[in-house]
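# Chain and residue survey
Listed here are the chains, written in short residue letters.
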Amino acid sequence: DDGVKRSRKQVQQFDPYADYVEKEERKQAEIAMKIQEEKEEKERLKAEKRRKKLLAKEKKRKDRGEESDTLSKRQAKGLTGHSKKRKHLDSDSDDLSGISARKKKKVGHQSSSDQSEFDIKLKKLTK
């Protein structure tokens, strides 16, 4: 011995839980991979759904563009349909006197102050 240390070989320590830990790590990796695949699949389905929706919208827009000519012809003839709300508004303006008479009948049993408020509101509506 000249003061030189002898190098010793390092021996791996025996770990009784090494197999268990390795199995758990593999399980966790598989679970993480499945979750990632599910996320990717979900995202792919979302993108597919978005794409279909855009295609349907585009098709609808094209159909509307073609129908705009026929729609203008129908409007010229006065054949266009109104929505229910529009029909209701049109009928209100045409038959306002009938409505006011019906409302007055309903309000007949109310006090005179309520009647005058009703008349004021009715005048505002008829203007």
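Residues numbered from 1 in each chain as written. Predicted model: local features only at pLDDT ≥ 70, side-chain atom pairs only at ≥ 80, totals over all residues. Heavy atoms only, no water.

### Description of the overall build of the chain
Per the secondary structure count, the chain includes four helices and zero strands. Helices and strands appear in the chain in the N-to-C order α-α-α-α. Burial status across the chain gives 4% buried among its 127 residues. (Helix = DSSP H or I, 4+ residues; strand = E, 2+ residues; numbered from the N terminus. Buried < 20%, exposed > 50% of the residue type's maximum accessible area, 1.4 Å probe, protein only.)

### Re the pattern of salt bridges
Enumeration over the complete set of coordinates arrives at five salt bridges. A salt bridge links Glu-43 to Arg-50; the shortest N-O distance between them is 3.8 Å. In this structure, Glu-58 engages Arg-61 in a salt bridge whose closest nitrogen and oxygen atoms are separated by 3.2 Å. One end of the pair is Glu-58 and the other is Arg-61, both in helix H1 (residues 18-77) and three residues apart, which spans about a single turn. We classify Glu-58 as partly exposed; its relative accessible area is 36%. Taking relative accessible area as the criterion, Arg-61 reaches 48% and is therefore assigned partly exposed. (Salt bridge = Lys/Arg side-chain N within 4 Å of Asp/Glu carboxyl O.)

### So, the confidence of the model for the chain
Confidence in the prediction of the chain, expressed as mean pLDDT, is 76, and 61% of residues score 70 or more. With pLDDT under 50 throughout, residues 92-96 is counted as low confidence; its partners more than four residues away or in other chains account for three contacts. (pLDDT = per-residue confidence, 0-100. Contact = heavy atoms within 4.5 Å.)

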